[in-house]
Amino acid sequence: MSTTVKRVYGYLAEFESASHLYKGAEQVRDAGFKKWDCYSSYPIHGLDDAMGIRRSILPYFVFFGGSTGLLTGFSLAFITQVLIYPTVVQAKPANIFTTAAFFPIMFELTILFSGFTVLFCLLGLMGLPRLNHPLFASRQFHRVTDDGFFIAIEARDPNFSAEETKAMLEAAGGKNIELVEED
């Protein structure tokens with residue numbers, strides 16, 4: 001018989017309603033936790049502010065991805081149509097001033113590069129793909145898609161302490177507090 005030691009993921013606490021979850025999130029934020037999240041079956045207005053979540057950096061990545069697409073489109077069209085193989089159409093010159101003909105490819109590559117930047121940066125920022133999450137093994141977490149409101153605090157948070165974190169969740173109004181272990 002072998003015994004396996006499971007690593008602790010953190011605590012999962014259930015809250016009675018969206019307003020209780022909101023107030024609990026404020027208390028967890030004020031306690032200084034950084035590695036935690038709220039779970040609800042629907043979006044709760046203002047919960048991001050209650051959690052202290054900063055604005056995403058994704059728009060900056062998308063801007064640079066779109067700018068790269070724009071410059072790639074311009075470079076591709078200019079180099080092929082003006083420098084390498086000048087195309088004279090209806091006696092119009094092939095030079096830098098013919099950029100109006102380059103707009104379709106510049107636009108399309110801007111959108112394409114922006115879209116790919118959104119996809120890959122979003123996956124990277126969210127830590128996906130993750131095939132299994134430790135909370136899926138919880139006895140009560142399946143209710144989050146129906147009528148449950150939960151806060152999960154991860155054990156890898158620097159402020160995590162088994163007794164103090166559980167007491168703080170109880171003081172914040174958490175019910176059915178469960179210690180979640182990773183498989």
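Every value quoted in this text rests on a predicted model; they were computed, and no experiment measured them.

Engineer: Sorry, what's going on with the UniProt feature "transmembrane region" (unreviewed entry) in the protein here?
Structural biologist: Those places that UniProt annotates as "transmembrane region" (unreviewed entry) correspond, in this numbering, to residues 60–84 and 96–125. A distance of 34 Å separates the end C-alpha atoms of residues 60–84, which is 100% helix and 0% strand. In the segment residues 96–125, helix accounts for 77% and strand for 0%; the C-alpha atoms at its two ends are 39 Å apart.

Engineer: Looking at this model, I keep getting lost on the packing of aromatic side chains. Mind explaining?
Structural biologist: For any pair of aromatic rings, the description consists of the separation of the ring centres together with the inter-plane angle of the planes. A complete count under the given rule lists eight aromatic pairs for this structure. On the numbers, 5.8 Å between centres and 35° between planes, the contact of Y11 with F160 is tilted. With a gap of 149 residues between them, Y11 in strand β1 (residues 8–15) and F160 in the loop between β3 (149–154) and α5 (162–171) connect regions that are remote in the sequence. Across the pair, exposure class does not vary: Y11 and F160 are buried alike. Judged by centre distance (5.1 Å) and plane angle (90°), the rings of Y39 and F141 are edge-to-face. One end of the pair, Y39, is in strand β2 (residues 36–40); the other, F141, is in the loop between α4 (103–126) and β3, with 102 residues separating them in the sequence.

Engineer: Could you clarify how one ought to interpret the pattern of salt bridges in this entry?
Structural biologist: Where charged atoms of side chains with opposite charge meet at close range, the side chains can pair. Scanning all chains against the criterion turns up six salt bridges. Put simply, R156 and E154 hold a salt bridge, and the shortest N to O gap is 2.4 Å. Take R156: its relative accessible area is 59%, and that puts it in the exposed class. Its relative accessible area of 14% is what places E154 among the buried residues. Each member of the salt-bridge network shares a partner with another, and the members are E14, R143 and D147.

Engineer: Just checking my understanding: could you explain the sheet that holds β3 for this structure?
Structural biologist: In a beta sheet, neighbouring strands are held together by backbone hydrogen bonds and run either parallel or antiparallel to one another. An order of β2-β3-β1-β4 is seen for the four strands of this open sheet, with the pairing classed as antiparallel. The two strands at the open ends of the sheet, each matched to only one other strand, are β2 and β4 (175–181). On average, each strand axis in the sheet is inclined to that of its neighbour by 20°, with strand direction left out of account. Sheet topology note: the β2/β3 ladder contains five bridges and is antiparallel. Among the inter-strand pairings, W36 is bridged to a residue of β3, identified as I153. Against the sheet, helix α1 (residues 18–30) makes contact with β1, β2 and β3, and its axis sits at roughly 20° relative to β3, the strand it touches most. This element, α5, spans β1, β3 and β4 of the sheet and lies at about 15° to β1.

Thresholds applied
- Residues numbered from 1 in each chain as written.
- Predicted model: local features only at pLDDT ≥ 70, side-chain atom pairs only at ≥ 80, totals over all residues.
- Heavy atoms only, no water.
- UniProt positions renumbered as here; feature names shortened; annotations may be inferred.
- Helix = DSSP H or I, 4+ residues; strand = E, 2+ residues; numbered from the N terminus.
- Phe/Tyr/Trp six-rings, centres within 6.5 Å; stacked < 30°, edge-to-face > 60°.
- Buried < 20%, exposed > 50% of the residue type's maximum accessible area, 1.4 Å probe, protein only.
- Salt bridge = Lys/Arg side-chain N within 4 Å of Asp/Glu carboxyl O.
- Pairing = 2+ DSSP bridges.
- Axes fitted to C-alpha atoms, helices over the stretch in contact; angles between N-to-C directions.
- Contact = heavy atoms within 4.5 Å.

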